[in-house]
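# A look at the structure
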Amino acid sequence: MAQTDPLQHSVIPALWIPVAVFTHVFAALWLLRAFQLMQPAEWAKIKKILRLRRKTPGSSTVPSSEASTWPVLATGPGVQPNVNVGSSCSSSLQEWGATSSSTDSNSSKYPPVTYPSSSSSTAGSEVGSIDGDAHAVAVLPAGDVHAAGAAKATVLHAGKQLYLPHQHSIQHHKQQQQQQQQPGLRLTWRSIGCVYKTAAGSKPVLHDVWGEAAAGEMQALLGPSGAGKSSLLDILAQRKATGAVAGSLLLDGQPVTRSAYSRRIAYVPQDDNFSPIMTSLEVLAFHAAMQLPGCSSKHAQACQLQDVAVCTGSPEAQQQQQQQQQQAASKRHSRVGELAVQEVLNTVGLSKHASTLVGGRLPGGLLLRGLSSGERRRLSIAVGVLASPSILFLDEPTSGLDSFAALSVMSHLQGLAHTSRNAVVAAIHQPRSAIWSLFDKVTLLASGLLIYHGPTSGMVPWLSGQLGYSYEPAAHGLASDWALDLVVVEFAKPGAFHARTMTTLAELQAAANTFKLQYVCDQLYNDERQQQQQQQQEAGATVQGSLPGGPFSRGGSVELGTGHLSQQMHHRHRQQNSHATQQQEQQLAELPEQQQQQQQHLGHEGSSSSSSSSSSSSPAYRTSWLQQYRALTWRECVKVTRNPADVAGRLLTFTWVALLVGLIYYDLPTDAGSIRQRLNLLFATLCFFVLMPFVNMSLYTEDKGSYLADRAAGLYAPSAYYAAKVTATVPFSTLTALCAGLVQYGMTGMRPGAGHIFGHCSIGVLTFLIAVQVLHLSATLTPSQDASFMLGIGWTTFNLVLSGFFIPYKEIRFAPLANLRFLSALHYAFEGMVQIELGGRRFACPAAGLDSQSAAFLTQLLPGAASLLSPSRLQQAVGTQQGCAVDSSAVAAYFGMSRRFGPTIGILLGYLGLMHAATFAALLLVARRERR
Ligand SMILES: Nc1ncnc2c1ncn2[C@@H]1O[C@H](COP(=O)(O)OP(=O)(O)OP(=O)(O)O)[C@@H](O)[C@H]1O
């Protein structure tokens, strides 16, 4: 038999007061962080004043332990990369060494970086010095590198430690990469075609495009807007996920395999997607952790020096390389290692901005000062070159830059190409003269047609000499400007200025055909000669001398092939050429969607024919899942801890709303008259939990954007991202919901007892987490924030209406609809809370008897509850008889709410799991759907 509640006052001060104080102190700390972040100059002044006071004899000093608890975010020009996080994030950050261990009074001055004693370089940026020895600040653990075991290097920055996994392998990896970059590395693309399916029908955007990029040269991809430059770059970088693509991509003559190829290239998109609240160094540190090789667990023991070649090579190669590495490592026991991250920053001239925030607009709309647009661009390039790619693709690297910044960026790139033997291919718009002169080669596209591909010096001779379009530097300006003007056919051109120029698509087509005929002939000629040579070699014949290249592969100016073989090829290709492009496009357009997807994969996965570039056992990502997970968790933690709106704002909003509700229902009566209020309060609590996540919709949308950008770059596995996201965000979400629940519970005085408090809060937190997940799912599935809101609001309304609060299910007018309640998370949550609050509980009748209002409510509320509302019982309740009690189980029974706590929690956990699974599936889906 349930006992009546003997309490006179229901409020539980010991519950809500400490929690409310905690949330405010916690939020105040984050607001202080916000101040440091937003007003670095003012914060520096305050720190200076505090320091002066500390130095003044007799003045009160701030204990160092206290000082160390204050997170230092913004000092000097930007923000230190080290952050101090609470809750679950701390362990991860500590592991990464990002936790601020002390706030040295000099830390804001950025102590000079430590250079290796062996370095002969001086500070400052050197064009193309990516592999130089300068500017190292990483300190390898003393002693045997192998003894490091944990495969981490300690990176000193601003006197703090920032750990990067496998840092000590960076330099080694770069050397290895360069060894792999044989002088003859050559990417060749042949007969590339691309057709998009649009509402208006098939839209061909690339027609039979040929070309090549070789180590040590910088190539411009030139063409008017819409010419197909980005589409071609996407195809070459194997990032194309839309449209039907045809053609072949060869690395050193062998078909590329996608996973191996992706390790040799880097793609710098037109728009970066850096988090505004991370510093340049942190952005690079994150990308270093994602790109620089770590072994899979399988190789972990074998590869103490963590190198991609070791990880992906054959077992024999791995063993051999490992031995070499061990020998090399033993020679440099106490050698100070290099930090690629800092070095790359130097290379792109950003070393002074290592601690500057990237800046930009935060998801909430706040504008954060940070890097200039030119510096951001250089940071993008730094990310691109971090893993020492053999081929670097850049989509308009100079867009948005002033002319000097553009020149500086392009000079860096040329340095990379010439000094580090990278192949650089950059789509570019109207380069100024100094920039144009940096390019070795150019691909000129117009309306998806290849007009010219070859040395920059050969472009004018081809267009004027072969095609007959006269170029007058005095009148037409730079050769690249003239060429761009020449191939634009969409607009009317002033005849007086251009003299003979292209004005129709037919003229473009003719120019493209002429070029292709010549170029393709040359390629086929080379192929045939190589084949002959191979056959001769196989037959034991010695081929004297080197192969003469075709006209376009000789460098310098363009010549026509004149040999007998060349003429034969020319003739053969002329016959094939006229119909080839048309046929290719028709075939692409006719391909069903599924086959289009297959067709577009120019890289042949699993092919074993390719030498160094292919390996069927290559893992899909450069780093292991665990390494990705740790780096992503760290980034998520940085995001959470650096966004004051998301931390202090959310916590305070939750607490204040809880305080408001607590005040409204403060100290609920303990008699039967409070049953109605308790029901209302439970429903209000649940409403609060399902509505609050809407404040974070912008975060979910922003998350999706950065996920899609990273996925397009093939940076990490979706599962690693999702696991990291959950690890970093769920603890904080739980904390906020828990604090709000406890404040409200304590103030209103719901059912006393630890078990009841635990049960109520568990259901509240789970409801909140479900609502958060549903909104995350909405933001992932829908193309815009407006649509996300609509979907989210739809779910919330459905849940509220079918919670059972407004109408008992048995009274729903259209009975089958009542079954929909099983889809409502609130149905289970409300039932669970009602059970905890009212199940098996007896309330004493009010001392003055049940007031008429409550009696009327009960009569109306429980028309079917005979045991409670028989006229005699009601009479008893309204009267003031001793021992009168109301069994509130009847209320739960009336609403049809009888599920016990355990099953309720199980169902809510299942609901949450389902939402997580759906969100993950949606992330996989959109990554396919929304890629270019
Ligand atoms: N996913 C797509 N679906 C349909 N059409 C597309 C798609 N992507 C690009 N296009 C179209 O393909 C053509 C070539 O686009 P692309 O972006 O490659 O040109 P671009 O030379 O890089 O142009 P810009 O210099 O303006 O960036 C354009 O007409 C463009 O509208």
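Residues numbered from 1 in each chain as written. Predicted model: local features only at pLDDT ≥ 70, side-chain atom pairs only at ≥ 80, totals over all residues.

The helix and strand tally for the protein stands at 34 helices and 19 strands. For the protein, the proportion of its 932 residues judged to be buried stands at 49%. Within the protein, contacts between residues separated by at least 24 positions form 77% of all contacts whose residues are at least 6 apart in sequence. (Helix = DSSP H or I, 4+ residues; strand = E, 2+ residues; numbered from the N terminus. Buried ≥ 20, exposed ≤ 12 C-beta atoms within 10 Å, placed from the backbone. Contact = placed C-beta atoms within 7 Å.)

On to the packing of helix α15 (residues 456–466) against helix α17 (residues 479–487), then. Across the interface, α15 lies against α17 with an axial gap of 10 Å and an inter-helix angle of 40°. Judged by the inter-axis angle, α15 sits oblique to α17. For the pair α15 and α17, the sense of crossing is left-handed. Where α15 abuts α17, its residues Met459, Val460 and Leu463 lie against Ala479, Ala483 and Leu486. Taken together, the residues of the contact of α15 with α17 break down into six nonpolar, no polar and no charged. (Axes fitted to C-alpha atoms, helices over the stretch in contact; angles between N-to-C directions. Parallel < 35°, antiparallel > 145°, perpendicular 65-115°, else oblique. Left-handed = near helix turned anticlockwise from the far one by under 90°. Nonpolar A, V, L, I, M, F, W, Y, C, P; charged D, E, K, R; others polar.)

A few words on helix α12 (residues 373–385). Given a rise of 1.5 Å per residue, 13 residues ought to cover 18 Å, and the 19 Å separating the end C-alpha atoms of α12 matches this to within 8%. With respect to burial, α12 is a largely interior element, 11 of its 13 residues being buried. Buried residues of α12: Glu375, Arg376, Arg377, Arg378, Leu379, Ser380, Ile381, Ala382, Val383, Gly384 and Val385, and no others. (Expected span 1.5 Å × (residues − 1).)

One finds Leu221, Leu284, Ala382, Phe393, Ala423, Leu444 and Ile451 to be the most contacted residues of the largest nonpolar core, which totals 200 residues. Setting aside residues up to four positions removed in sequence, Ala423 forms contacts with Leu185, Leu187, Ala213, Ala214, Ala215, Glu217, Ser390, Ile391 and Ala417. (Core = buried A, V, L, I, M, F, W, Y, C linked by C-beta atoms within 7 Å.)

The next subject is helix α13 (residues 403–419). With 17 residues, α13 should reach 24 Å at 1.5 Å per residue; the first-to-last C-alpha distance of 24 Å fits that figure. Taken together, the buried positions of α13 are Ala406, Ser408, Val409, Met410, His412, Leu413, Gln414, Gly415, Leu416 and Ala417. Where α13 ends, the next residue or the one after it, Arg421, has phi of about 60°, a positive value.

Contacts to the ligand come from 13 residues, most closely from Tyr196, Ser225, Lys229, Ser230 and Ser231. Of all the elements in the fold, those that place two or more residues in the shell around the ligand are β6 (186–198), β7 (201–214) and α6 (229–236). If you tally residues by element for the shell around the ligand, the top one is α6, at three residues. When grouped by side-chain class, the residues that make up the shell around the ligand number three nonpolar, eight polar and two charged. (Near = placed C-beta within 6 Å.)

For Asp252, which is not a glycine, the phi torsion comes out positive at approximately 50°. Residue position: Asp252 is located in the loop between β9 (244–251) and β10 (254–255). In this structure Asp252 comes out as partly exposed when scored by C-beta crowding, with 16 C-beta atoms within 10 Å. Backbone geometry at Asp667 places phi at a positive 50°, although glycine is not the residue there.

With that out of the way, let us pick up the UniProt feature "transmembrane region" (unreviewed entry) in the protein. Sites flagged by UniProt as "transmembrane region" (unreviewed entry) map to residues 12–32, 647–668, 680–700, 720–745, 757–775, 787–807 and 905–927. For residues 12–32, the helix share is 95%, the strand share is 0%, and the end-to-end C-alpha distance is 31 Å. Between the C-alpha atoms that bound residues 905–927 the distance is 33 Å, and the span itself is 100% helix and 0% strand. (UniProt positions renumbered as here; feature names shortened; annotations may be inferred.)

So, about the packing of helix α8 (residues 280–291) against helix α22 (residues 625–642). Following both chains from N to C, one finds α8 and α22 inclined at 160°, their axes separated by 9 Å at the closest point. Classified by the angle their axes make, α8 and α22 are roughly antiparallel. At the point where α8 passes α22, the crossing takes the left-handed sense. For the pair formed by α8 and α22, the contact residues are Glu282, Phe286, Ala289 and Met290 on the first element and Gln627, Gln628, Ala631, Arg635 and Val638 on the second. The residue inventory of the contact of α8 with α22, partitioned by class, reads five nonpolar, two polar and two charged.

Chain-level pLDDT for the protein is 72 on average; 65% of the residues reach the 70-or-more range. In the model of the protein, strand β3 (residues 138–139) stands out as the element of lowest mean pLDDT, 31, in contrast to helix α27 (residues 754–781), which has the highest, 95. Taken as a whole, residues 603–618 scores under 50 in pLDDT and shows 43 contacts with residues more than four places along the chain or in a different chain. This complex was scored by the predictor with a pTM of 0.69 and an ipTM of 0.97. (pLDDT = per-residue confidence, 0-100.)

Among the 14 residues in β7, 10 count as buried, and that is most of the element. By the bridge criterion, 10 bridges tie β6 to β7 in an arrangement that is antiparallel. Paired with Arg186 across the strands is Ala214, a residue of β7. Counted along the chain from β6 to the antiparallel partner β7, the turn is two residues long. (Pairing = 2+ DSSP bridges.)

A separate point is the pairing of strand β16 (residues 441–446). Judged by how many residues are buried, β16 sits mostly within the fold: six of six residues are covered. Bridge analysis of strand β8 (residues 218–222) against β16 gives four bridges, and the strand direction is parallel. Along β16, the bridge assignment pairs Leu221 with Thr443. Pairing analysis gives six bridges linking β16 to strand β17 (residues 449–455), with the strands arranged antiparallel. The partner of Lys441 across the bridge, within β17, is Pro455. Once β16 ends, the chain turns through two residues before running back antiparallel as β17, passing Ser447 with a positive phi of about 50°.

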